Number of protein chains: 2
Amino acid sequence: MEDPQEYYDALRARIDERLACVVERREPVTMYEPVRYVLGGGGKRVRPVLLLVSCEAVGGAIEDAIDAGVAVEILHNFTLVHDDIMDNADLRRGRATVHRKWDANVAILVGDQLIGIAYMCLLRTKNGDIRKLVDVFTQGMIEVCEGQSYDKEFESAPSVTEEEYLMMIGKKTGRLVAMSAELGALIGNGDDRQRVALARYATALGCAFQIQDDLLDVTGDERSFGKCVGGDILEGKKTYLLVSAMNTAEGKDRDILMHVAGRRSPWPGIVEEVTEIYRRLGVIERARERVRQDTESAIRALGDLPPGRGRDMLTWMAGMLLERTS
Amino acid sequence: MEDPQEYYDALRARIDERLACVVERREPVTMYEPVRYVLGGGGKRVRPVLLLVSCEAVGGAIEDAIDAGVAVEILHNFTLVHDDIMDNADLRRGRATVHRKWDANVAILVGDQLIGIAYMCLLRTKNGDIRKLVDVFTQGMIEVCEGQSYDKEFESAPSVTEEEYLMMIGKKTGRLVAMSAELGALIGNGDDRQRVALARYATALGCAFQIQDDLLDVTGDERSFGKCVGGDILEGKKTYLLVSAMNTAEGKDRDILMHVAGRRSPWPGIVEEVTEIYRRLGVIERARERVRQDTESAIRALGDLPPGRGRDMLTWMAGMLLERTS
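Student: Provide a residue-level description of the overall build of chain A, including the pertinent values.
Tutor: The helix and strand tally for chain A stands at 16 helices and 2 strands. Within chain A, the proportion of its 326 residues that are buried is 51%.

This is the structure we're talking about:
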């Protein structure tokens, strides 16, 4: 097999190329300049590449799936633009967020428009049952919004169980990842067994991906991670680590975690203290174990797919996400 | 023919009934309670009723078009929720806006979710080419966002021509109205000539509708209008009246209008003064004339449709919108 990283990069380049054409020369400039800024902001393009290789893994052609890949990437970017307003975030992929660079009104409208453009791209797909494709896409979008709603709800909740946390990220992060694989399977005309296998793979992977993200906040390297290490702790974000730690912590540890979860003002050194608590309670190791297990079950699900480059790529991607440092 | 108002009310009731079922018992409550609040807020339901009678006018069955009608009403409500955030509006149909009753984050997310739910409803449509339906719906949504973007752009523009104003409202208001008629024609399997006739009817009507809205701001009765008379003047909103007046005003009149358009703080009695300028320059009469002409050309376009209850209703609706006081 050719080098998987090279193949990944080639697919990513095709997505980036198509993304750049989507809103060329459209007006008004006040809308499409920030839209182009968002879509040109780079990123790993995990979701569209996953869609492309899922299509390939069931015997479909990459070319047939490009428009749908672009559609899921744009939908993902809509969620980022609106979430950044809600989270009051200054930076995204190392650049100013839309509501900082322009203003909140522009960011609201740009997010809305990204949804429209995403559907527009999806509709260019010629292969597969278009009603089914739009239906899966729409259900995905609805669940993502529900996930974001739970996330905001949990922010002010006194406590959140691990189960609730996993349900929330399943919707907020996992759904779009799973949807990408499902759309790929539908466009490639995979049979039901293959579609289920891909959905299981992607759901497990999405979960591993999010917990890995939570882990990177405390173990990541600031430069390669592209955001502030410990940011989740400073913001009191209910991550897998925090939720998991709160379920076992006692005494002073518990008081500190409650302080973080209550989103009260942090003190200097709080990131190190909380990281130390996480380490002591074993939640970092537990999170790593969970990422490992989810990744393994993702790879196991691929057993129902025919051997070939698509399946090899899916296996490789699971490993890549597990080992990533940013 | 039965009483058109009664028939209109019956169709509106069917839409309201279906709207009430759409998000029953869905969770999380933090999302669906405001969604239910928005969808239960009443309104004339002009767009869905227009969709239903357009379907009937080309020989289709009302029942086949209900889901699409609900979809356009929900899409319309998405625009209201997000526009209200951007316009910093306190009231909508006499009730607190979502971002006032909850907060801006909830309103952003609720608007997003309304888009998803709108597509979900549209996809329940069994009749017609679903790819075409979703395409028309998506292009409508994209243009509405563009229209809102122009509207915000014009707010801070020193001057706006009448042509630019009409282009903007054509997208912001007219597009969803025209889209409703087009979807009705597609679901009812109307031929191309009928679809074009309905699109022309609805485009002219949408324009008349918006200019009528601008007129009601200065001539409306406060109670039946449901919002503050002169509100557009106080906000410095670039309405058809203001844009049109600025194109001819001179001397002190022009200074006053520039003050309004510049969104500088209003003084007591400014509404009466500006209304007097509008009257003196003849822009109120001109706007009324334009509404009359657009309404007439809307009704003329109906000549290409077969006679029957659907066409009669469309004719009646044009008159109703022309004569409305709220």
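Student: Hey, could you go over the relation of the copies chain B and chain A for me, with residue numbers and the actual values?
Tutor: Between the two copies, chain B and chain A, the superposition gives an RMSD of 0.1 Å; the rotation angle is 180° and the shift along the axis is 0.0 Å. Interpreted geometrically, this transformation is the action of a two-fold axis.

Student: Kindly report on the confidence of the model for chain A, identifying the contributing residues and their values.
Tutor: For chain A, mean pLDDT is 94; residues scoring 70 or higher make up 97% of the total. In the predicted assembly, ipTM is 0.94 and pTM is 0.95.

Student: A description of helix H14 (residues 270-281) of chain B should follow, citing residues and the corresponding values.
Tutor: All names here are of chain B. For H14, built from 12 residues, the straight-helix expectation of 16 Å at 1.5 Å per residue is met to within 8% by its first-to-last C-alpha distance of 16 Å. Among the residues of H14, those classed as buried are Val274, Ile277, Tyr278 and Leu281. Along the long axis of H14, the arc covered by the buried residues comes to 100°, so they all point the same way. Of the exposed residues in H14, those oriented more than 90 degrees away from the buried face are Glu272 and Arg280.

Student: Tell me about the interface of chain B and chain A, and name the residues and values.
Tutor: Listed as interface residues are 31 residues of chain B and, on the opposing side, 31 residues of chain A. Residue assignment for the side of chain B that touches chain A shows that the elements contributing at least two residues are helix H2 (29-39), helix H4 (62-86), helix H6 (104-122) and helix H7 (130-155) of chain B. The element best represented in the side of chain B that touches chain A is H7 of chain B, accounting for 14 residues.

Student: Summarise the environment of Thr248 of chain B; cite the residues concerned and give the values.
Tutor: Its location among the elements puts Thr248 of chain B in the loop between helix H12 (240-246) and helix H13 (251-261). With 35 residues separating them along the chain, Thr248 of chain B and Val283 of chain B place their C-alpha atoms 9.4 Å apart.

Student: Tell me about the nonpolar core, and name the residues and values.
Tutor: Considering soluble globular proteins, one finds that nonpolar side chains tend to be buried as a cluster. With 214 residues, the main nonpolar core has Ala118 of chain A together with Ala118 of chain B as its most contacted residues. Excluding residues that lie within four positions of it along the chain, Ala118 of chain B makes contacts with Ala71, Ile74, Leu75 and Phe78 of chain B.

Student: Give a description of unusual backbone geometry that names residues and reports values.
Tutor: Glu27 of chain A connects to Pro28 of chain A through a cis peptide bond whose omega is 5°. Inspection of the secondary structure puts Pro28 of chain A in the loop between helix H1 (4-22) and helix H2 (29-39). In this structure, Asn88 of chain B takes a positive phi of about 60° despite not being glycine. Relative to the elements of secondary structure, Asn88 of chain B occurs in the loop between H4 and strand S1 (91-92).

Student: Lay out the packing of helix H1 (residues 4-22) of chain B against H4 of chain B in plain terms, naming residues and giving numbers.
Tutor: Residue and element names in this part refer to chain B. It is the contact of H1 with H4, at a shortest axis distance of 10 Å, that shows an interaxial angle of 75°. One element, H1, and the other, H4, form an angle in the roughly perpendicular class. Contact residues: Arg14, Ile15, Arg18, Leu19 and Val22 in H1; Ile66, Gly69, Val70 and Glu73 in H4. Considering only residue class, the contact of H1 with H4 consists of 5 nonpolar, 1 polar and 3 charged.

Student: If you had to explain the environment of Trp316 of chain B to someone new, which residues and values would you point to?
Tutor: Turning to its location among the elements, Trp316 of chain B is positioned in helix H16 (residues 309-323). Here the alpha-carbon distance between Trp316 of chain B and Val98 of chain B, two residues 218 residues apart in the chain, equals 33 Å.

Each value, and the rule that gives it
Residues numbered from 1 in each chain as written. Chains lettered and ligands numbered in written order. Predicted model: local features only at pLDDT ≥ 70, side-chain atom pairs only at ≥ 80, totals over all residues. Helix = DSSP H or I, 4+ residues; strand = E, 2+ residues; numbered from the N terminus. Buried ≥ 20, exposed ≤ 12 C-beta atoms within 10 Å, placed from the backbone. Least-squares fit on C-alpha atoms with pLDDT ≥ 70 in both. pLDDT = per-residue confidence, 0-100. Expected span 1.5 Å × (residues − 1). Arc of directions from axis to C-beta. Contact = placed C-beta atoms within 7 Å. Core = buried A, V, L, I, M, F, W, Y, C linked by C-beta atoms within 7 Å. Axes fitted to C-alpha atoms, helices over the stretch in contact; angles between N-to-C directions. Parallel < 35°, antiparallel > 145°, perpendicular 65-115°, else oblique. Nonpolar A, V, L, I, M, F, W, Y, C, P; charged D, E, K, R; others polar.

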